Amino acid sequence: MNGRRPDFPGMHEGERIVFLRRRHWSILVQKLTKYLLLVLLPFILDAFRRFSNIEFDLDVGAPGGVAVALGVSAYYLVMWLMFFHDWIDYYLDALIVTNERIVHIEQRGLFDRTVADLALDRIQDVTVETKGMMPTFLRYGTIHIQSAAERERFVFSAIPEPETVKAQILATAKKSPPQNQGLGQPPPPPQNSGG
Amino acid sequence: MEIPTLVLLLLYLAIVLVIGVFSFFHLYHAYRFGMHTRVAYAISAAYIIGAVVIVGVTLLSVTSVDWTAPIRIELPSFGVEVTP
């Protein structure tokens, strides 16, 4: 990645990001496509007005023209803000694997944010799911990470190259220093209490 | 009913103010919770520039308007005629 290496809120001292993944770019394109149609809406309405012979003085000097100019401007301002909102919603969803843990950041709207982390040595299972024609052709899918807890904690959807990400997670987990018995790690040696 | 055209400008500026407040929330959120990459800064800067351009172009295009001129608003009658 060019420029400054990214960090994330809550990063520990000495913690190092191994890799970071966001959702597949097609998710953002789907959101932006609707804005493309909404941007064209005033032009479509104007074309409709011309073909239907509706008389309306759109000269900016005329009061009606002022109302339309200010209304269209406010409309595009709202569209611009909504586009920025959707981009933030996309950009702040991330799956981050560090040398210590996996961090799953999910942004749902502006004031709804969930950050969950899972120590690498507590990973029990990593499953990849690719369903549908678009995910198959564009190579994105869902990663399910099962921890030692009963409830499945991590589900990250629309992640690009999920098989590669799975392999990277497993490789990073194997390299992490063991604390409890985890994936690919031998059980700790028995400790004599002495006496 | 006739109102001064200036009312439309005040209404527009009120909308701009509300959008400005929400924009601040979004930019603050992007800075506080986002990963500080060049892409994030570039998109945020593009958003600010785009918003300023939209408002600036709009205000420049209406500088020659006579804001004291009345604008007539006629409410639709829906075919109802009131006879004395």
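We now turn to the structure provided with this report. (Residues numbered from 1 in each chain as written. Chains lettered and ligands numbered in written order. Predicted model: local features only at pLDDT ≥ 70, side-chain atom pairs only at ≥ 80, totals over all residues. Heavy atoms only, no water.)

1. Observations concerning the interface of chain B and chain A
When the parts of a complex come together, some accessible area is lost, and that lost area is often used as the size of the interface.
Stage number 1. Facing 38 residues of chain B, the contacting portion of chain A comprises 35 residues.
Stage number 2. When chain B packs against chain A, the two sides together hide about 3200 Å² of surface, and 80% of this comes from carbon and sulfur.
Stage number 3. In terms of surface lost to chain A, no three residues of chain B exceed His26, Met35 and Tyr47 of chain B, which account for 24% of the buried area on that side.
Stage number 4. For the pair chain B and chain A, the number of links is zero salt bridges.
Stage number 5. For the pair chain B and chain A, the interface holds six residue pairs in polar contact (both at pLDDT 80 or more).
Stage number 6. Among the elements that make up the side of chain B that touches chain A, the one with the highest residue count is helix α1 (residues 6–33) of chain B (15 residues). (Contact = heavy atoms within 4.5 Å. Buried area = accessible area lost by both parts, 1.4 Å probe. Salt bridge = Lys/Arg side-chain N within 4 Å of Asp/Glu carboxyl O. Polar contact = N/O pair within 3.5 Å; in protein donor to acceptor, adjacent residues only side chain to side chain. Helix = DSSP H or I, 4+ residues; strand = E, 2+ residues; numbered from the N terminus.)

2. Some remarks on the sheet that holds strand β3 (residues 101–107) of chain A
Residue and element names in this part refer to chain A.
Stage number 1. The four strands are arranged β1-β2-β3-β4 in an open sheet whose pairing can be described as antiparallel. Of all strands in the sheet, those bounded by a partner on one side alone are β1 (17–21) and β4 (113–119). For this sheet the average axis-to-axis angle between neighbouring strands, irrespective of direction, equals 15°.
Stage number 2. When β3 meets β4, the two strands line up antiparallel, connected through seven bridges. Following the sheet pairing, Ile105 is matched in β4 by Val115.
Stage number 3. Across the sheet, helix α4 (residues 162–175) lies against β1, β2 (94–98) and β3, angled at about 160° from β1, the strand it touches most. (Pairing = 2+ DSSP bridges. Axes fitted to C-alpha atoms, helices over the stretch in contact; angles between N-to-C directions.)

3. Concerning the packing of α1 of chain B against helix α2 (residues 38–61) of chain B
Residue and element names in this part refer to chain B.
Stage number 1. Running from amino to carboxyl end, α1 crosses α2 at an angle of 175°, the nearest separation of the two axes being 11 Å. One finds that α1 runs roughly antiparallel with respect to α2. Side by side, α1 and α2 meet where Leu9, Tyr12, Val16, Ile19, Ser23, Leu27, Ala30 and Tyr31 of the first sit next to Tyr41, Ser44, Tyr47, Ile48, Ile54, Val55, Thr58 and Leu59 of the second.
Stage number 2. Its residues assigned to classes, the contact of α1 with α2 comprises 13 nonpolar, three polar and no charged. (Parallel < 35°, antiparallel > 145°, perpendicular 65-115°, else oblique. Nonpolar A, V, L, I, M, F, W, Y, C, P; charged D, E, K, R; others polar.)

4. Some thoughts on the pattern of salt bridges
Residues and elements named next belong to chain A.
Stage number 1. Taken as a whole and judged by the stated rule, the model has nine salt bridges over all chains.
Stage number 2. The partner of Glu106 in a salt bridge is Arg23, and the shortest N-O contact between them spans 3.9 Å. Note that Glu106 is positioned in strand β3 and Arg23 in the loop between β1 and α1 (25–51), a separation of 83 residues in sequence.
Stage number 3. Residue Arg23 is classed as buried on the basis of its relative accessible area of 12%.
Stage number 4. The residue Lys31 makes a salt bridge to Asp89 at a minimum N-O spacing of 3.4 Å. With a gap of 58 residues between them, Lys31 in helix α1 and Asp89 in helix α2 (residues 63–91) connect regions that are remote in the sequence.
Stage number 5. Overall, the relative accessible area of 15% leaves Asp89 in the buried class.
Stage number 6. Each of Arg23, Asp93, Glu106, Arg108 and Asp112 takes part in salt bridges that share partners, so that together they form one network. (Buried < 20%, exposed > 50% of the residue type's maximum accessible area, 1.4 Å probe, protein only.)

5. Some details on the side chain of His29 of chain B
Stage number 1. Within the secondary structure, His29 of chain B sits in helix α1.
Stage number 2. Look past the residues within four positions of His29 of chain B in its chain and what remains in contact with it is Ile88, Leu92, Gln107 and Leu110 of chain A together with Gly34 of chain B.

6. Focus on the nonpolar core
Stage number 1. Val66, Leu77, Trp87 and Ile88 of chain A together with Tyr12 and Trp67 of chain B are the most contacted members of the largest nonpolar core, which totals 27 residues.
Stage number 2. Elements with a minimum of two residues in this core: α2 of chain A together with α1 and α2 of chain B.
Stage number 3. Sort the elements by how many residues they give to this core and α2 of chain A lands first, with ten residues. (Core = buried A, V, L, I, M, F, W, Y, C linked by side-chain atoms within 4.5 Å.)

7. Some details on the packing of aromatic side chains
Each pair of aromatic rings is reported with the distance of its centres and the angle of its planes.
Stage number 1. The tally for this structure, following the rule as stated, stands at eleven aromatic pairs over all chains.
Stage number 2. Between Trp80 of chain A and Tyr47 of chain B the ring centres are 6.0 Å apart and the planes differ by 20°, which places this aromatic pair in the stacked class. On the criterion of chain membership, the pair formed by Trp80 of chain A in helix α2 and Tyr47 of chain B in helix α2 is interchain, its members lying in two chains.
Stage number 3. A residue is classified by how much of its surface remains accessible, and Trp80 of chain A, at 25% relative accessible area, is partly exposed.
Stage number 4. Ring centres of Phe84 of chain A and Trp87 of chain A lie 6.3 Å apart, and the angle between their planes is 10°; on these two criteria the pair is classed as stacked. Taken together, the residues span about one helical turn, with Phe84 of chain A and Trp87 of chain A both in helix α2 at a distance of three residues.
Stage number 5. The exposure class assigned to Trp87 of chain A is buried, which follows from its relative accessible area of 6%.
Stage number 6. Residue placement shows Arg22 of chain A over the ring face of Tyr91 of chain A; its charged tip is 3.7 Å from the ring centre.
Stage number 7. Between Arg23 of chain A and the ring centre of Phe156 of chain A, over which it is positioned, the NZ or CZ distance is 4.7 Å. (Phe/Tyr/Trp six-rings, centres within 6.5 Å; stacked < 30°, edge-to-face > 60°. Lys NZ or Arg CZ within 6 Å of the ring centre and 35° of its normal.)

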